[in-house]
Amino acid sequence: MASGRNRYCPVARTLDIVGDRWSMLILRDLILEGPRKFSDLEQSLAGISPNTLSSRLKVLEEHGILERRFYDQHPPRAEYVVTARGRELRPILKTLRDWGEQYTRP
């Protein structure tokens, strides 16, 4: 978490939540594809470990950016969906995509 002078900086506080590579890619998938199961995210995010995915999902859920929605009780099965707060990050993802299209190569 942001500490010292950075705790007063909204950019630093935001990056503490969504600033790592996997969090933004999780959001990308959920915003573009809609609700996804853990296994769906694991498949689409090549190279992410299950522990890392679980950790990132937990942080995003704790901050109200996504929520886990249960669709079956026995056994319990869940999918992840972006909240209204999470959807507010859509313009940031678009800006990152636009910048990447202009300045990076596949």
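None of the values given here were measured: they were computed from a predicted structure.

*Asks:* If you had to explain the packing of aromatic side chains to someone new, which residues and values would you point to?
*Replies:* The full count for this structure, using the stated rule, is one aromatic pair. Note on W99 and Y103: the rings are 5.1 Å apart at their centroids and 45 degrees apart in plane angle, and the pair reads as tilted. Separated by four residues within a single helix, W99 and Y103 lie in helix α6 (residues 90-103), roughly one turn from each other. Both residues of the pair, W99 and Y103, count as exposed. A cation sits over an aromatic face here: R21 above W22, 4.6 Å from the ring centre.

*Asks:* Tell me about the nonpolar core, and please be specific about residues and values.
*Replies:* Judged by nonpolar contacts, the single largest core of 21 residues is most densely connected at V18, I26 and L45. Those elements that place two or more of their residues in this core are α1 (10-18), α2 (21-33), α4 (50-62) and β2 (77-82). No other element matches the seven residues that α2 contributes to this core. In contact with V18, other than residues within four places in its own chain, are S23, M24, L27, L60, I65 and L89.

Criteria and cut-off values
- Within every chain, residues take consecutive numbers counted from 1 along the sequence as written.
- Residue-level local features of this predicted model are given only where pLDDT is at least 70; pairs of side-chain atoms are given and counted only at 80 or more, and the full residue set underlies all totals for whole chains, interfaces and linings.
- Computation of side-chain values: all heavy atoms of the structure, hydrogens and water removed.
- Each aromatic pair joins two rings of Phe, Tyr and Trp (for Trp, the six-membered one) with centres within 6.5 Å, and gets the label stacked for planes under 30 degrees apart, edge-to-face for over 60, and tilted for any other angle.
- Under the scheme used here, helices are H or I runs from DSSP no shorter than 4 residues and strands are E runs no shorter than 2 residues, and both carry numbers assigned from the N terminus.
- Here the term buried applies to any residue with accessible area under 20% of the maximum for its type, exposed to any over 50%, and partly exposed to those in between, with areas from a 1.4 Å probe on protein chains only.
- A ring has a charge above it when a Lys NZ or an Arg CZ is no more than 6 Å from the ring centre and no more than 35 degrees off the ring normal.
- The nonpolar core is taken to be a set of buried Ala, Val, Leu, Ile, Met, Phe, Trp, Tyr and Cys residues, with the residues joined through side-chain atoms within 4.5 Å.
- By definition in these notes, contact holds between two residues if any of their heavy atoms fall within 4.5 Å.

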